[in-house]
Amino acid sequence: MMHDDNRVKIVCVVGARPNFMKIAPIISQMQRQESRLMPYLVHTGQHYDNEMKHSFFEQLGIPEPDVDLGVGSGSHAVQTAEVMRRFEPVLDEQQPAAILVVGDVNSTIACALVAVKKGVPVIHVEAGLRSFDRTMPEEINRILTDQISDYLFTTERAAADNLTREGIGGERVQFVGNVMIDTLLNNLKRATPFDKTLAKYVKDQTLYRDGFGLLTMHRPSNVDDGVVLERLLTAVGKISHDLPILFPVHPRTAAKIEQFGLQSLFNAVRIQQLPPLGYLDLLGIMAEAKLVLTDSGGIQEETTALGVPCITLRENTERPITVDEGTNTIVGTDAQRIVDVAYEVITHGGKRGCVPEYWDGRAAERIVAFLEQRFAGQV
Ligand code: UD1
């Protein structure tokens, strides 16, 4: 749909932390002087804490959302339904040419579902990733979002094969590279030096001067079960005797450590708990880490782009290129295996990997160029 300034309105949706890094370069491309697209930014409010939201907007130069739906936390059903309920009137009012959703969080599927039922085209960025593990809430979100999307932008070639198997193919699937890596490359020089971040939270920093590892963990499968969480923290505790570990703790994980009474696991080990960190602080730590242990999707990709060895505390990955070409090793949640692989990395340096095709900082440029052709070709 054309608007008074001849630019075509695209409603762009963010909800949770990993969405922010993905939308930033897309919005920035759409805001170029000569752009034919006009972004209208909706934040669903799935993540709302300062550490989970505001610092990212500021640091990544994302404009204030045009509207914040203020949905907050809840069960999957409540959260998804509430996003849908609050998003519908925004869509009715804005009448965009399309909506653009990123990633695989509940806000992604919720807004896509509202749009498709209204005949508004859906653009999905980071389409086609599959872990083949339907117990992961994100896997359900990915499959369903892709099924109802009109344009699907992929980060690695395997994604198109997954989509083909599900009957989605042709021109509307475009391999463009990785917008999360656009953001990483745009911000690497601005990353906070790790010792500056440490100085904020840690009294004695000498421990970390000779190297450190980074741990992040928030998947329900790892943190919602007290037995699994205790096993993982115990394994990382063992690793910490060889390599001290920095651990920014996601709010969900913090709540579970408290609920299961696991705080004492941190007593005799060298794991330093930190609050959730802003993008530039985490990037500064990740870039300098000798080893990263994580269950995050995005961090598997970011470590590959940085050439930092990554040990993924999951049984599978939806991002196989990080294993085939990058620095990632999937280890699952067996304590002995985690300790063994970490020891190997600490003593021999781990996988070096290479940077995958099109993870070159220009993914958003490709996406916006395609969308301009498609939606604003007549301007
Ligand atoms: C969500 C995404 C996940 C993503 C992760 C990154 C889904 C299904 N999951 O998981 O894919 O990797 O974000 O963080 O969408 N909380 C706060 N403050 C906040 C947000 C959450 O304290 O700003 C706490 C609340 O207790 C909440 C819990 O974290 O219940 C979980 O938040 P939620 O948005 O449901 O999912 P995440 O685990 O963050």
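Note that the coordinates shown come from a computational prediction; the quantities given were computed from them, not determined experimentally.

**A closer look at the pattern of salt bridges**
- Inspection of the entire model under this criterion finds 22 salt bridges.
- Taking the shortest distance from any N to any O, the salt bridge between R252 and D224 comes out at 3.0 Å. Separated by 28 residues along the polypeptide, R252 in helix 12 (residues 251-259) and D224 in the loop between helix 10 (220-223) and helix 11 (226-239) bring together distant segments of the chain.
- A relative accessible area of 30% places D224 in the partly exposed class.
- A single salt-bridge network, built from bridges that share partners, covers K22, D104, E126, E139, R142, E301, R314, E318 and R319.

**Some words on helix 8 (residues 194-201)**
- Inspection of helix 8 places F194, T197 and L198 among the buried residues, and these make up the whole buried set. All buried residues of helix 8 lie within an arc of 100° about the axis, which places them on one face of the element. Summarising the geometry of helix 8, the exposed residues directed more than 90 degrees from the buried face are K196 and K200.
- Contact partners of the buried residues in helix 8: helix 9 (206-209), strand 9 (245-248) and helix 13 (279-288).

**Here we look at the site of the ligand**
- In the vicinity of the ligand there are 19 residues, among which Q46, H47, E138, H218 and R252 approach most closely.
- The contact in question runs from an oxygen atom of the ligand to an N or O atom on the side chain of E138, over 2.5 Å.
- For the ligand, an oxygen atom lies 3.0 Å from a polar atom in the side chain of H250.
- Protein contact buries 85% of the 740 Å² of open area that the ligand shows by itself.

**Overview of the domain arrangement of the protein**
- Its domain assignment divides the protein into domain 1 (8-177 + 359-378) and domain 2 (188-348).
- For domain 1 versus domain 2, the separation of C-alpha centres amounts to 28 Å.
- With 23 residues of domain 1 in contact, the opposing surface of domain 2 contributes 20 residues.
- At the boundary of domain 1 with domain 2, total buried surface from both sides reaches about 1800 Å², with 58% on carbon and sulfur atoms.
- If you sort the residues of domain 1 by the area they bury against domain 2, Q59, E156 and W359 come out on top, with a joint share of 32%.
- Counting across the interface, domain 1 meets domain 2 through 3 salt bridges.
- At the junction of domain 1 and domain 2, the tally comes to 8 residue pairs in polar contact (both at pLDDT 80 or more).
- The element contributing the most residues to the side of domain 1 that touches domain 2 is helix 2 (residues 54-60), with 4 residues.
- Among the residues making up the side of domain 1 that touches domain 2, the classes are represented as 8 nonpolar, 5 polar and 10 charged.

**Let's talk about the packing of aromatic side chains**
- Taken as a whole, this structure holds 8 aromatic pairs when the rule is applied.
- Between Y151 and F375, the ring centres sit 5.6 Å apart and the planes meet at 75°, which makes this aromatic pair edge-to-face. Here Y151, found in strand 6 (residues 151-154), pairs with F375, found in helix 17 (residues 363-376); they are 224 residues apart in sequence, far enough to count as distant. Of the two residues, Y151 and F375, neither departs from the other in class, the shared state being buried.
- The interplanar angle of 50° and the centroid separation of 4.9 Å between the aromatic rings of F194 and F212 together place this pair among those described as tilted. With F194 in helix 8 and F212 in the loop between helix 9 and strand 8 (213-216), this residue pair connects regions lying 18 residues apart in the sequence. You'll find F194 and F212 in the same group, each marked buried.
- Of note, R366 hangs over the ring of Y358, and the distance from its end group to the ring centre comes to 3.8 Å.
- Positioned over the ring face of F375 is R374, at 5.5 Å from the centre of the ring.

Parameters at a glance
Residues numbered from 1 in each chain as written. Predicted model: local features only at pLDDT ≥ 70, side-chain atom pairs only at ≥ 80, totals over all residues. Heavy atoms only, no water. Salt bridge = Lys/Arg side-chain N within 4 Å of Asp/Glu carboxyl O. Helix = DSSP H or I, 4+ residues; strand = E, 2+ residues; numbered from the N terminus. Buried < 20%, exposed > 50% of the residue type's maximum accessible area, 1.4 Å probe, protein only. Arc of directions from axis to C-beta. Contact = heavy atoms within 4.5 Å. Near = heavy atom within 4 Å. Polar contact = N/O pair within 3.5 Å; in protein donor to acceptor, adjacent residues only side chain to side chain. Areas by Shrake-Rupley, 256 points an atom, 1.4 Å probe, with all protein chains shown as cover. Domains from an automatic or database assignment. Buried area = accessible area lost by both parts, 1.4 Å probe. Nonpolar A, V, L, I, M, F, W, Y, C, P; charged D, E, K, R; others polar. Phe/Tyr/Trp six-rings, centres within 6.5 Å; stacked < 30°, edge-to-face > 60°. Lys NZ or Arg CZ within 6 Å of the ring centre and 35° of its normal.

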